[in-house]
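# Understanding the architecture of this molecule
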Protein chains: 2
Amino acid sequence: MSDGLHFVRRIRTSPYFNRVRDHGVSGYSVYNHMILPKSFGMSAEEAYWHLNEHVQIWDVSVERQVEVKGPDAAKLVQWLTPRDLRQAIAGKCYYIPVVDANGGMLNDPVLIKIADDHFWLSVADSDLLLYVKGLAIGAGFDVTVTEPDVNPLAIQGPKAEAVMRDLFGEAITKLKFFHFDYVELFGTRQLVTRSGFSAKAGFEIFLNESSLAEPLWDLVWEAGQPYNMLPGGPNLIDRMEAGLLGYGNEMTAENNPLEMGYGKFCTLDGSIDCIGLSALQRIDTDGAARMIRGIRFDGSPCPPCYVPWPVSVGSQRVGQITSATFSPRLNINIGMSLIDRGFWDAGQTVTIHLPDATMRQGTVCHLPFATNTD
Amino acid sequence: MSDGLHFVRRIRTSPYFNRVRDHGVSGYSVYNHMILPKSFGMSAEEAYWHLNEHVQIWDVSVERQVEVKGPDAAKLVQWLTPRDLRQAIAGKCYYIPVVDANGGMLNDPVLIKIADDHFWLSVADSDLLLYVKGLAIGAGFDVTVTEPDVNPLAIQGPKAEAVMRDLFGEAITKLKFFHFDYVELFGTRQLVTRSGFSAKAGFEIFLNESSLAEPLWDLVWEAGQPYNMLPGGPNLIDRMEAGLLGYGNEMTAENNPLEMGYGKFCTLDGSIDCIGLSALQRIDTDGAARMIRGIRFDGSPCPPCYVPWPVSVGSQRVGQITSATFSPRLNINIGMSLIDRGFWDAGQTVTIHLPDATMRQGTVCHLPFATNTD
């Protein structure tokens with residue numbers, strides 16, 4: 001299957017995959033050892049406009065849950081992240097950087113606090129399950145750490161709310177961003193969040209029963225027909241305009257949360273105990289050496305970026321672009337970049353070095369692109 | 001790039017990738033967050049015959065190393081696996097199952113013992129790095145755990161020895177299977193193992209300096225010309241005939257090493273302390289509930305297996321096939337399977353249920369296929 005990608009069991013398909021295939025999936029990524037459907041015959045730009053005007057159904061089963069449950073669950077989850085979770089309440093979601101002893105990013109999950117002793121870490125593309133298992137075994141925490149049979153289905157775009165209202169009633173539309181609630185589905189209880197990897201977000205149904213995947217897809221698809229629903233997937237143009245960083249793209253274990261602009265999620269005064277605290281305190285004292293920024297740059301629509309592109313000022317390398325696209329809304333190329341101290345002010349002019357050895361002129365700006373003009 | 005797979009930085013290309021692309025790579029897998037080149041225009045069967053007769057150069061940079069170094073390194077590595085490493089010697093490689101507290105397989109790396117306090121775990125497709133980091137932090141081991149800049153290049157096939165002799169002299173041909181030595185390369189010292197994911201194995205050069213990747217590729221390619229060298233990658237037909245199991249394909253965390261036929265790598269008498277020991281002792285006492293086996297089955301060449309295919313006897317489900325291919329040498333379809341106790345004897349007839357709802361008749365056999373006729 002697929003001209004480029006060999007299908008094997010090691011890279012799992014989701015329980016929605018029969019439907020995804022029936023809809024003519026044409027482009028994939030691989031994420032958390034699973035197939036992530038990305039495109040369905042349209043160009044990224046066509047899909048982007050559709051997503052911004054209508055509603056899409058996305059199979060985001062790749063968003064795996066690490067379930068941490070038991071007497072020591074809260075202690076372990078707090079130890080994982082510099083974000084202060086002492087006031088965290090059940091029913092809410094929290095974006096948490098997870099770092100190693102050096103302060104290097106290992107993942108940036110969304111923490112779903114289900115109960116005081118029960119959490120899901122909705123993870124980006126690394127096996128956070130193994131890290132949490134290792135910590136729990138090593139430190140002897142009284143917890144169970146598992147990957148439950150949960151396969152999220154996302155409903156994204158401005159008409160997502162209307163679809164959800166038709167499906168589950170008015171109450172679900174009152175759900176605030178990064179909160180969750182439960183809905184009844186075929187006699188089961190399913191967790192629904194207001195979230196998603198798109199500019200305007202939407203809803204995600206964390207289906208906990210694989211055998212209901214095709215019935216759920218069909219139900220959502222039917223409800224979406226009056227609203228011009230199409231199948232889709234996380235869209236590069238949309239997420240870049242919105243300034244959404246991708247683990248593995250904008251950051252790896254080589255990066256710390258402070259240079260990713262996540263200082264607001266780091267409580268470093270010693271009031272919480274977390275892995276990497278002293279490393280992050282040192283970085284904070286010295287000041288970050290580089291910072292996440294946007295770059296607008298000219299010329300024809302740029303190629304995809306899959307090897308970091310060097311960014312220079314004069315003869316000095318001052319950073320790199322890690323994701324890039326042409327923005328149809330801004331009518332210019334945009335790149336996510338990490339820029340050295342002294343060069344990260346908005347308005348700084350830079351040169352971008354593409355893999356074909358051509359150069360482009362660009363300007364540093366703050367994120368997100370869509371709302372920041374400086 | 002590629003019709004099916006979207007290229008992004010998150011799925012890294014290796015330092016050999018320019019050469020791989022110049023050679024016309026046509027099929028990929030994704031493994032340890034990297035592109036694994038699989039095919040170069042030939043069919044799997046053509047590549048299989050070539051591999052069995054000549055020599056191939058494979059970019060297997062996806063085979064990442066987890067480096068464990070320091071005073072507690074040996075203790076931590078032994079804790080990771082039920083395989084008894086007390087007599088392990090520097091200069092040798094050891095296949096080690098790595099399990100969690102329940103005895104579930106988390107990875108099946110090759111352990112390279114560089115020195116008494118210095119190990120590489122050459123890992124299959126899961127982030128074992130995060131598990132080892134978690135254990136080290138949780139238990140407070142005095143070690144450093146890193147992923148070094150090492151990108152293995154494999155030379156596989158019956159003429160691999162001749163190529164290596166021409167490149168590095170007679171001494172390297174004396175290297176025994178699963179041993180390693182060092183060679184001089186452009187003034188640097190590089191670790192070379194006699195190993196590889198093919199039936200007859202070959203050599204792997206664990207290049208520790210990315211900037212030398214293209215010069216190394218060119219050197220090997222030149223040396224391979226008299227021997228009909230072609231670029232290639234791990235070949236499904238070849239590895240299946242040889243009975244080589246793939247982590248993520250034949251086994252996941254749902255499987256224990258005893259049912260994978262790795263009892264010989266499990267010392268369960270209590271003389272070593274390892275994670276999962278009591279779980280494995282329980283399984284060993286009860287006897288494995290299922291066992292890895294081959295199945296030969298009839299009919300036209302089977303499609304690729306990327307969702308496990310149920311295997312039944314009468315109306316009873318007795319197992320599943322996890323990888324399958326037509327074997328041109330045996331002139332029959334072969335499948336790797338996990339078969340329930342009571343049905344795993346060689347000669348047991350079974351029915352295989354393909355995804356298109358057709359059925360095939362098959363017979364259980366021992367592995368490897370190529371040498372076992374029962």
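Residues numbered from 1 in each chain as written. Chains lettered and ligands numbered in written order. Predicted model: local features only at pLDDT ≥ 70, side-chain atom pairs only at ≥ 80, totals over all residues. Heavy atoms only, no water.

### Some remarks on the pattern of salt bridges
All names here are of chain A. Inspection of the entire model under this criterion finds 30 salt bridges over all chains. Residue K113 is joined to D116 by a salt bridge in which the shortest nitrogen-to-oxygen separation is 3.4 Å. Assessed through its relative accessible area of 59%, D116 is described here as exposed. Across the salt bridge formed by E170 and K174, the nearest N and O atoms sit 3.5 Å from each other. Judged by relative accessible area, which is 42%, E170 ranks as partly exposed. (Salt bridge = Lys/Arg side-chain N within 4 Å of Asp/Glu carboxyl O. Buried < 20%, exposed > 50% of the residue type's maximum accessible area, 1.4 Å probe, protein only.)

### Regarding the state of the cysteines
Within the structure shown, the criterion is met by 0 disulfides over all chains. Free of any disulfide, A:C302 has its nearest cysteine sulfur in A:C305, 8.1 Å distant. Between B:C365, a cysteine without a disulfide, and B:C302, which holds the nearest cysteine sulfur, the sulfur-to-sulfur distance is 14 Å. (Disulfide = S-S within 2.5 Å.)

### Some points on unusual backbone geometry
All names here are of chain A. With an omega of -5°, the peptide bond running from L367 to P368 counts as cis. The phi dihedral of N32 falls on the positive side, at around 50°, and the residue is not glycine. In this structure, N32 sits in the loop between strand 1 (27-31) and strand 2 (34-39). Positive phi, normally seen in glycine, also occurs at A201, with a value near 55°. Inspection of the secondary structure assignment puts A201 in the loop between strand 13 (188-194) and strand 14 (202-207). (Helix = DSSP H or I, 4+ residues; strand = E, 2+ residues; numbered from the N terminus.)

### Regarding the pairing of strand 18 (residues 316-327) of chain B
All names here are of chain B. For strand 18, the tally of buried residues reaches 10 of 12 residues, placing the bulk of the element in the interior. As paired elements, strand 17 (residues 309-313) and strand 18 share 5 bridges and run antiparallel to each other. By the bridge assignment, V313 is partnered in strand 18 with Q316. Counting the residues between successive antiparallel strands, the hairpin from strand 17 to strand 18 contains 2 residues, one of them, G314, with a positive phi of roughly 60°. Inspection of the sheet shows strand 18 paired to strand 19 (residues 332-340) by 8 bridges, in the antiparallel sense. Within strand 19, the residue paired with S323 across the bridge is M336. Following strand 18, the chain reverses through 4 residues before pairing antiparallel with strand 19; N331 in that reversal takes a positive phi of roughly 55°. (Pairing = 2+ DSSP bridges.)

### Some thoughts on the relation of the copies chain A and chain B
With an RMSD of 0.0 Å, the fit of chain A onto chain B corresponds to turning through 180° and sliding 0.0 Å along the axis. Read as a symmetry element, the transformation amounts to a two-fold axis. (Least-squares fit on C-alpha atoms with pLDDT ≥ 70 in both.)

### A word on the packing of aromatic side chains
Any pair of aromatic rings gets described here by the distance separating the centres and the angle formed by the planes. As enumerated under the stated definition, the model contains 26 aromatic pairs over all chains in all. Between A:Y306 and B:F7, the aromatic rings sit 5.1 Å apart at their centres with planes inclined by 75°, giving edge-to-face as the arrangement. Of this pair, A:Y306 sits in the loop between strand 16 (290-297) and strand 17 (309-313) while B:F7 is found in the segment before helix 1 (17-22), placing the two residues in two different chains. Judged by relative accessible area, which is 7%, B:F7 ranks as buried. Site record: aromatic cluster; members linked through ring pairs are A:F7, A:F17, A:Y28 and B:Y306. Sitting over the ring of A:Y182, A:R189 keeps its end group 3.7 Å from the ring centre. (Phe/Tyr/Trp six-rings, centres within 6.5 Å; stacked < 30°, edge-to-face > 60°. Lys NZ or Arg CZ within 6 Å of the ring centre and 35° of its normal.)

### Focus on empty space enclosed by the protein
As enumerated under the stated definition, the model contains 3 cavities of 30 Å³ or more in all. Of the voids in this model, the largest cavity is the one considered here, and its volume is about 90 Å³. When residues of the lining of the largest cavity are traced back to their parent elements, those giving at least two are strand 1 of chain A together with strand 1 (27-31) of chain B. Looking at side-chain class alone, the lining of the largest cavity contains 5 nonpolar, 4 polar and 3 charged residues. Of the pockets and cavities examined, the second largest cavity occupies roughly 50 Å³. Lining the second largest cavity we find B:L51, B:N52, B:G157, B:P158, B:S198, B:A199, B:K200, B:A201 and B:D238. (1 Å grid on protein atoms, 1.4 Å probe; cavity = no way out; pocket = protein on both sides within 12 Å on 5 of 7 lines; lining within 4 Å. Points joined across faces, edges and corners; volume = space filled by probe spheres on them. Nonpolar A, V, L, I, M, F, W, Y, C, P; charged D, E, K, R; others polar.)

### A few points about the packing of helix 4 (residues 128-139) of chain A against helix 4 (residues 128-139) of chain B
Contact geometry of helix 4 of chain A with helix 4 of chain B gives a least axis separation of 7 Å together with a crossing angle of 25°. Between helix 4 of chain A and helix 4 of chain B, the angle is such that the two are roughly parallel. Helix-helix and strand crossings are classified by hand; for helix 4 of chain A and helix 4 of chain B the assignment is right-handed. Contacts between helix 4 of chain A and helix 4 of chain B involve A:L128, A:L130, A:Y131, A:K133, A:G134, A:L135, A:I137, A:G138 and A:A139 from the first element and B:L128, B:L130, B:Y131, B:K133, B:G134, B:L135, B:I137, B:G138 and B:A139 from the second. Residue classes in the contact of helix 4 of chain A with helix 4 of chain B are distributed as 12 nonpolar, 4 polar and 2 charged. (Axes fitted to C-alpha atoms, helices over the stretch in contact; angles between N-to-C directions. Parallel < 35°, antiparallel > 145°, perpendicular 65-115°, else oblique. Left-handed = near helix turned anticlockwise from the far one by under 90°. Contact = heavy atoms within 4.5 Å.)

### Observations concerning the interface of chain A and chain B
On the side of chain B, 52 residues touch chain A, which itself brings 52 residues to the contact. Between chain A and chain B lies a buried interface of about 4,300 Å² when both sides are counted; carbon and sulfur atoms form 56% of it. Contact with chain B buries surface across chain A, with A:R9, A:R10 and A:Y306 losing the most and accounting together for 23% of the total. Here B:R10 makes a salt bridge to A:D125, at a shortest N to O gap of 3.0 Å. Across the chain A-chain B interface, the total number found is 23 residue pairs in polar contact (both at pLDDT 80 or more). Those elements that place two or more of their residues in the side of chain A that touches chain B are helix 1 (17-22), strand 1, strand 2, helix 4 and strand 18 (316-327) of chain A. Here the element with the most residues in the side of chain A that touches chain B is helix 4 of chain A; it accounts for 9 residues. Within the side of chain A that touches chain B, the residues separate by chemical class into 25 nonpolar, 17 polar and 10 charged. (Buried area = accessible area lost by both parts, 1.4 Å probe. Polar contact = N/O pair within 3.5 Å; in protein donor to acceptor, adjacent residues only side chain to side chain.)

### A short note on the sheet that holds strand 3 (residues 56-59) of chain B
Residue and element names in this part refer to chain B. Pairing within the open sheet is mixed, and its 6 strands lie in the order 12-13-14-11-3-15. Across the chains shown, the open sheet's two edge strands, defined by having one partner strand only, are strand 12 (180-185) and strand 15 (230-232). Strand-to-strand, the axes of this sheet are offset by a mean angle of 30°, without reference to chain direction. Across 3 bridges, strand 3 lies against strand 15 in parallel orientation. Among the inter-strand pairings, W58 is bridged to a residue of strand 15, identified as G232. Across the face of the sheet, helix 2 (residues 44-53) comes into contact with strand 3, strand 11 (151-156) and strand 15 while running at roughly 115° to strand 3.

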